[in-house]
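Chains, contacts and geometry: an overview
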Amino acid sequence: MSKSISTGYISTKINGIAVKANIKSHSGNYDNEAKRNVSYIVMHYTGNKDDTAMNNAKFFNTNDVNVSAHFFVDETNIYQSVELRDEAWHCGTKGKYYHSKCRNENSFAIEMTTAGNYKISAKTIENSAYLCAYLCEILNIKASEVDTYVLRHYDVTHKKCPAQMVDNADEWESFKATVKNILKSKEKKEVYRVRKSWEEEESQTGAFSVLDNAIAQAQEDKLNVYDSSGKEVYTYKVTTKAVTKGCKVKIKKGAKDYNGQKVASFVYNNVYKVDELNGKRAVLDKKGICTAFHIDNLIVQ
Ligand SMILES: [Zn+2]
């Protein structure tokens, strides 16, 4: 089981915490991807005496160390340092792999920070479990599949990480039990529908339990997202700017002029000024080509 992931930063609150994405990892620490297939979630710990999610995000922002994680979690903060579609470098090894399939390229990485003298605190574990459960939902991992797809770094390479969950297997089982319980409690979930408008049911291209998955679909289909009550929770934004008199434009490749006549190919390469605008009819460069185009065929520069 794997899911194609094109989502960048997650846009939901985790256990009441708004995930921060303002401190990005150094570009030398991960692989940039447009999308990739992901199956696994790998749990780590930072193993320091006393650190925070923010300090880790800052460290990986300023240091080119060929290592990264998607998330850093502490008791009060969660930082997303690498976009989900990008491959973080967290469980690779030049030595032996002890898991047949899980690698950097098909996994998400969560780093639990250790403020309590090399130990991950109960609150940090709780926040991490909620984040892990949310990522399970993105990957369609059910409670019954957590044991297969949620792993410790140790399970992949035998690195002693997260140490306390390797030394004490019960602690690892208890973490996974929390993740499973969160997933079970959300069985009766919200449904996010991707449509042109709430009323236009026939325009629906998908229905999702995870908002980020619905948004990804909506962006692809140029549609909006509605929750179960019909409230618009995501609005597709047309990014093209409006044509105004005096603005600079390029002409869409292959477009004919306002009267349907072909134009010389060189005009598509030039930028023109809109000298006259009347409804949808824009006259470009009166002293030069002096040709009218439909505004839908113009791209504002
Ligand atoms: Zn690790």
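Residues numbered from 1 in each chain as written. Predicted model: local features only at pLDDT ≥ 70, side-chain atom pairs only at ≥ 80, totals over all residues.

Each helix and strand counted, the protein chain has 7 helices and 20 strands in total. The C-alpha atoms of the protein chain give 25 Å as radius of gyration, which overshoots the globular expectation for 301 residues (19 Å, by more than 25%). Taken along the three principal axes of its C-alpha coordinates, the protein chain extends 80 × 45 × 35 Å. Counting the 301 residues in the protein chain, one finds 35% classified as buried. A sequence separation of at least 24 residues applies to 66% of the contacts in the protein chain between residues at least 6 apart. (Helix = DSSP H or I, 4+ residues; strand = E, 2+ residues; numbered from the N terminus. Rg over C-alpha atoms; globule rule 2.2 N^0.38 Å. Buried ≥ 20, exposed ≤ 12 C-beta atoms within 10 Å, placed from the backbone. Contact = placed C-beta atoms within 7 Å.)

Further remarks concern the domain arrangement of the protein chain. By convention, interface size is frequently given as the accessible area that disappears when the constituent parts associate. For the protein chain, the domain assignment lists domain 1 (3-185), domain 2 (192-234) and domain 3 (248-300). For domain 2 and domain 3, the distance between their C-alpha centres works out to 35 Å. (Domains from an automatic or database assignment.)

Any two packed helices are characterised by the angle at which their axes cross and by the distance between the axes. The N-to-C vectors of helix α2 (residues 122-138) and helix α6 (residues 169-185) enclose an angle of 55 degrees; their axes lie 9 Å apart at closest approach. Of the possible angle classes, the one that applies to α2 and α6 is oblique. Considering how the two elements wind past one another, α2 and α6 form a crossing that is right-handed. For the pair α2 and α6, contact is made by I125, A129, Y130, C132, A133 and C136 and by F175, T178, V179, I182 and L183, respectively. Taken together, the residues that form the contact of α2 with α6 break down as 10 nonpolar, 1 polar and no charged. (Axes fitted to C-alpha atoms, helices over the stretch in contact; angles between N-to-C directions. Parallel < 35°, antiparallel > 145°, perpendicular 65-115°, else oblique. Left-handed = near helix turned anticlockwise from the far one by under 90°. Nonpolar A, V, L, I, M, F, W, Y, C, P; charged D, E, K, R; others polar.)

This part covers the environment of M43. Relative to the helices and strands, M43 resides in strand β6 (residues 40-45). According to the C-beta neighbour criterion, M43 is buried, with 29 such atoms within 10 Å. C-alpha separation for the pair M43 and T178, spaced 135 residues apart in sequence, amounts to 14 Å. Residues in contact with M43, not counting those within four places in the same chain, are I110, M112, C132, R152, H153 and P162.

Once that is clear, we can look at the pairing of strand β18 (residues 281-284). Burial along β18 is one-sided: the face carrying A282 and L284 is buried and the face carrying R281 and V283 is not. Note: strand β17 (residues 272-278) against β18, 4 bridges, orientation antiparallel. Paired with V274 across the strands is L284, a residue of β18. Connecting β17 to the next strand, β18, in antiparallel fashion are 2 residues, including G279 with a positive phi near 60 degrees. Judged from the 4 bridges that link them, β18 and strand β19 (residues 291-294) form a sheet pairing that is antiparallel. Residue pairing across strands places V283 opposite A292, the latter belonging to β19. Linkage of β18 to β19, two consecutive antiparallel strands, is achieved through a turn of 6 residues, within which D285 is found at a positive phi near 45 degrees. (Pairing = 2+ DSSP bridges.)

Next up on the list: the sheet that holds β17. Read from one edge of the open sheet, 5 strands run β19-β18-β17-β16-β20, paired in antiparallel fashion. Every interior strand has two partners, whereas the edge strands, β19 and β20 (298-300), have only one. Put simply, the sheet's adjacent strands are angled 50 degrees from each other on average, direction ignored. Note that strand β16 (residues 248-251) and β20 share 3 bridges and pair antiparallel. Within the sheet, the bridge partner assigned to I251 lies in β20 and is L298.

I41, I110, L131, C132, L135, C136 and V179 are the most contacted members of the largest nonpolar core, which totals 62 residues. Ranked by residues supplied to this core, first place goes to α2 with 9 residues. Shared between two domains, this core holds at least three residues of each, these being domain 1 (3-185) and domain 2 (192-234). Among all residues touching V179, those that are not within four sequence positions of it are A129, C132, A133, C136, V146 and V150. Ranked by size, the runner-up nonpolar core spans 8 residues in total, among them V249, Y272, V274 and A282. (Core = buried A, V, L, I, M, F, W, Y, C linked by C-beta atoms within 7 Å.)

Attention now goes to α6. Every α-helix winds through 3.6 residues per turn, so residues three or four apart in the chain are directed the same way. With 17 residues, α6 extends 24 Å between its outermost C-alpha atoms, agreeing within 8% with the 24 Å of an ideal straight helix rising 1.5 Å per residue. Among the residues making up α6, those that are buried are W172, F175, V179, K180, I182 and L183. Viewed end-on, α6 has its buried residues packed into an arc of 160 degrees, placing them on one side of the element. Turned more than 90 degrees away from the buried face of α6 sit D170, E173, K184 and S185, all of them exposed. If you follow the buried residues of α6, they end up packed against α2, α3 (146-149), β11 (150-152) and α5 (163-167). (Expected span 1.5 Å × (residues − 1). Arc of directions from axis to C-beta.)

Where strands meet in a sheet, backbone hydrogen bonds hold them as pairs that are either parallel or antiparallel. Judged by pairing direction, the sheet is mixed, and its 5 strands sit side by side in the order β8-β7-β10-β6-β11 without closing on themselves. The two strands at the open ends of the sheet, each matched to only one other strand, are β8 (78-80) and β11. Across the sheet, the mean angle from the axis of one strand to that of its neighbour is 25 degrees, orientation sign disregarded. Pairing of strand β7 (residues 71-73) with β8 involves 3 bridges; the strand directions are antiparallel. Bridged to V73 within β8 is I78.

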